[in-house]
Amino acid sequence: MSNLSGTLSYSDQGIKLKALRGNYGKSPVKLDGEIDSGANSRWSIRAISSGFYAEDLKDIPFFETLNFTGSAKLDFSLDGSSQLLRFENKIDLTPVAYRYKDVLIKDAEALNKLQLKGRVIGGKTIAIERLTYELGESKLAGKVGIKSLDSPVFTLALGAQNFQIAPMAKFIPALGDNPKGSVNLDVRGRGDLKQFDASTFEGAVELANFSFKPESFPKPLNLKGKIKFLNGQYDFSALELNSGSSNFMMSGGYKAGSQPVLDVALTGKSLVLDDFFASSADSSMAVALKSTLERSDLLSQGTSKVVFNVGQLNFKFWRLERAEGNLIFKNKKLEINRLDAYAGEPIQGQGSISLVDPKAIQFETHIWAKNTSTGKLFALFGPVFGDSLS
């Protein structure tokens, strides 16, 4: 503290602070309270700041990882003995703009409050028994334990019921355009606040009619079900997905990272690939894949493995019934290892499309059929073939 002014009095009973004003860094702070001088001295302190600046948070673990601008309002109270201090900290971050990587971006003047209530035990261990984080119309609650500020190893538990998604869209870019629905959230974490990016987080998200539109998708995705996660690994079973004319269940997992991996099984009523690949109505599968590849980290850098069994499989002019098979997309190459379906009559197929050289897309296809009319068979390759052969 610097530039102190106010009343600071000493006596045999202890120290009293009255309207003591000063600066913590460049942030103005007002202190009131008293400290008893007994063997087991008691503290009763309140600190208020109407403009606590971002740069004065730089030495506080985790906060130092955020890109802050502006000043917050702070109201901090401390009461108890040196062995057991109770505290309550209310921070109004509404005037502040900050971001955490590209995950969370908060503009100035968006309602944002953080409240911490707990204990300091033995002068070291911090037990935050009640943490409330309010952003816009949404709120998270939980608790945190910190070994000490010198060695800020932490444990965390956060949760929310009926957490509305729409108000969070302005803060979380990954939610895309016009998200809807709600989630029940359960998050547990552990790690070191000084190495927050290396922390471990796990838990579950239960989606209730959750709808959002990723940037690389032509139509919104509507999801219902439960997703479990451990850091960048997401696992799900019986996750219902609807998009456009597509309706199916998904089971499997997704691993995020620089080389993401999707491994899923799809079962259900219909899979219409046009609902997931952005392209013009008359473009081919290769062109649609190329267009999506340019906007998707999963397709351009990762691996996708899909096993499917659906009542209807459509793409462009394809109309396949009772379709099952498997495919893999890796190193910018799609391989359909097996396809069994009905196009009026049973057919089988396999093939591949290579997008390694986007200027020279290569593909290879094999289709087997018995006792199938040539019109129905060649219609798989477009209306020109289907209408001209019999």
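Every value quoted in this text rests on a predicted model; they were computed, and no experiment measured them.

*Asks:* Residues and numbers for the overall build of the protein, please.
*Replies:* A count of helical and extended segments in the protein gives four helices and 24 strands. Expressed as a percentage of its 390 residues, the buried residues of the protein come to 40%. Summarising the internal contacts of the protein: among those between residues at least 6 apart in sequence, 40% fall at separations of at least 24. Summed over all atoms, the accessible surface of the protein reaches about 21800 Å², with 53% contributed by carbon and sulfur.

*Asks:* I'd like a description of the nonpolar core, backed by residues and values.
*Replies:* In this structure, F68, Y98, L131, L207, L266, L271 and L313 are the most contacted members of the largest nonpolar core, which totals 85 residues. Setting aside residues no more than four positions away along its own chain, L313 makes contact with L271, L273, F308, W318, R319, L320, A323 and L339.

*Asks:* Before we move on, can you summarise the pattern of salt bridges with the specific residues and values?
*Replies:* Overall, the coordinates contain twelve salt bridges when judged by the stated rule. Residue D79 is joined to R42 by a salt bridge in which the shortest nitrogen-to-oxygen separation is 3.6 Å. A residue pair is termed long-range when its members are at least 10 positions apart, and D79 in strand β6 (residues 71-81) and R42 in strand β4 (residues 42-53) qualify at 37 residues. Given a relative accessible area of 39%, D79 falls into the partly exposed group. Overall, the relative accessible area of 42% leaves R42 in the partly exposed class. With its nearest N and O atoms 2.7 Å apart, the salt bridge here joins D75 to R46. Here the residue D75 occupies a position in strand β6, and R46 occupies one in strand β4, the gap between them amounting to 29 residues. Note on D75: relative accessible area 24%, which makes it partly exposed. Bridged by salt links that share partners, the residues E324, R338 and D340 form one connected network.

*Asks:* Can you lay out the packing of aromatic side chains for me, pointing to particular residues and giving the numbers?
*Replies:* Counting across every chain of the model gives eleven aromatic pairs. For the ring pair Y100 and F196, a centre distance of 6.2 Å and an interplane angle of 80 degrees mean the geometry is edge-to-face. Remark: F196 occurs in the loop between β14 (180-192) and β15 (200-212) and Y100 occurs in strand β8 (residues 97-100); sequence separation between them is 96 residues. The same class applies to Y100 as to F196, namely buried. Between F248 and F276 the ring centres are 6.2 Å apart and the planes differ by 50 degrees, which places this aromatic pair in the tilted class. Residue F248 is found in strand β18 (residues 246-255), and its partner F276 is found in the loop between β19 (261-272) and α1 (285-293); the two are separated by 28 residues along the sequence. Just as F248 is buried, F276 falls in that class too. Counting every residue linked through ring pairs, the aromatic cluster contains Y100, F154, F196 and F201. The ring of Y53 is capped by K26, whose NZ or CZ atom sits 4.3 Å from the centre of that ring.

*Asks:* Got a sec to walk through the environment of G325? Specific residues and values, please.
*Replies:* Secondary-structure assignment places G325 in strand β21 (residues 318-330). Residue classification places G325 among the buried residues on the basis of a relative accessible area of 0%. Separated by 17 residues in sequence, G325 and F308 have C-alpha atoms that sit 5.5 Å apart. The residues touching G325, leaving out its near neighbours within four places in the chain, are V306, V307, F308, R338 and L339.

*Asks:* Help me get a handle on the sheet that holds strand β9 (residues 104-106), residues and values and all.
*Replies:* One open sheet accounts for three strands, arranged β5-β8-β9; its pairing is antiparallel. Either end of the sheet is taken by a strand with one partner, and the two such strands are β5 (67-69) and β9. Mean inter-strand twist for the sheet, computed between neighbouring axes without regard to direction, equals 5 degrees. Sheet analysis places β8 next to β9, joined by three bridges and oriented antiparallel.

*Asks:* How would you sum up a nonpolar patch on the surface? Please name residues and give values.
*Replies:* Together, M1, L4 and Y24 give the surface a local cluster of nonpolar side chains, amounting to about 320 Å² of exposed area. As for its position among the elements, L4 is in strand β1 (residues 2-11).

*Asks:* Tell me what's going on with the environment of I128, and back it up with residues and numbers.
*Replies:* Here I128 shows up in strand β11 (residues 125-135). Residues I128 and K143, spaced 15 residues apart in sequence, show a C-alpha to C-alpha distance of 5.5 Å. The contacts of I128, once residues within four sequence positions are left out, are F87, L116, K117, G118, K143 and V144.

About the criteria used
- Note that residues are indexed from 1 along each chain, following the sequence as it is written.
- Only residues with pLDDT of at least 70 are given local features in this predicted model, and only at 80 or more are side-chain atom pairs given and counted; all residues enter the totals for whole chains, interfaces and linings.
- Values reported for side chains reflect all heavy atoms of the structure, with hydrogen atoms and water molecules removed beforehand.
- Each helix is a run of H or I in the DSSP string that is no shorter than four residues. Each strand is a run of E no shorter than two, and both are numbered from the N terminus.
- Each residue's exposure class comes from its accessible area (1.4 Å probe, protein chains only) as a fraction of the maximum for that residue type: buried when under 20%, exposed when over 50%, partly exposed otherwise.
- When checking whether two residues touch, look at their non-hydrogen atoms; a contact exists if any pair is within 4.5 Å.
- To measure how exposed things are, a 1.4 Å probe is used in the Shrake-Rupley method; for residues, cover is taken only from the protein chains shown.
- Among buried residues, those of type Ala, Val, Leu, Ile, Met, Phe, Trp, Tyr and Cys that are joined through side-chain atoms within 4.5 Å constitute a nonpolar core.
- Here a salt bridge means any side-chain nitrogen of Lys or Arg lying within 4 Å of a carboxyl oxygen belonging to Asp or Glu.
- Any two of the Phe, Tyr and Trp rings considered here, Trp counted by its six-membered ring, make a pair once their centres fall within 6.5 Å; the pair's planes then place it as stacked at under 30 degrees, edge-to-face at over 60, or tilted in between.
- A positively charged side chain is recorded as over a ring if its NZ (Lys) or CZ (Arg) lies within 6 Å of the ring centre. The angle to the ring normal must also be within 35 degrees.
- One bridge is not enough; two strands pair if DSSP finds at least two bridges between them.
- The convention used is that axes are lines fitted to C-alpha atoms, helices contributing only their stretch in contact, and that angles between N-to-C directions extend from 0 to 180 degrees.
- Only residues above 30% relative accessible area that lack a salt bridge enter a patch, with like-charged residues linked at up to 9 Å and the nonpolar side chains Val, Leu, Ile, Met, Phe, Trp and Tyr linked at up to 5 Å.

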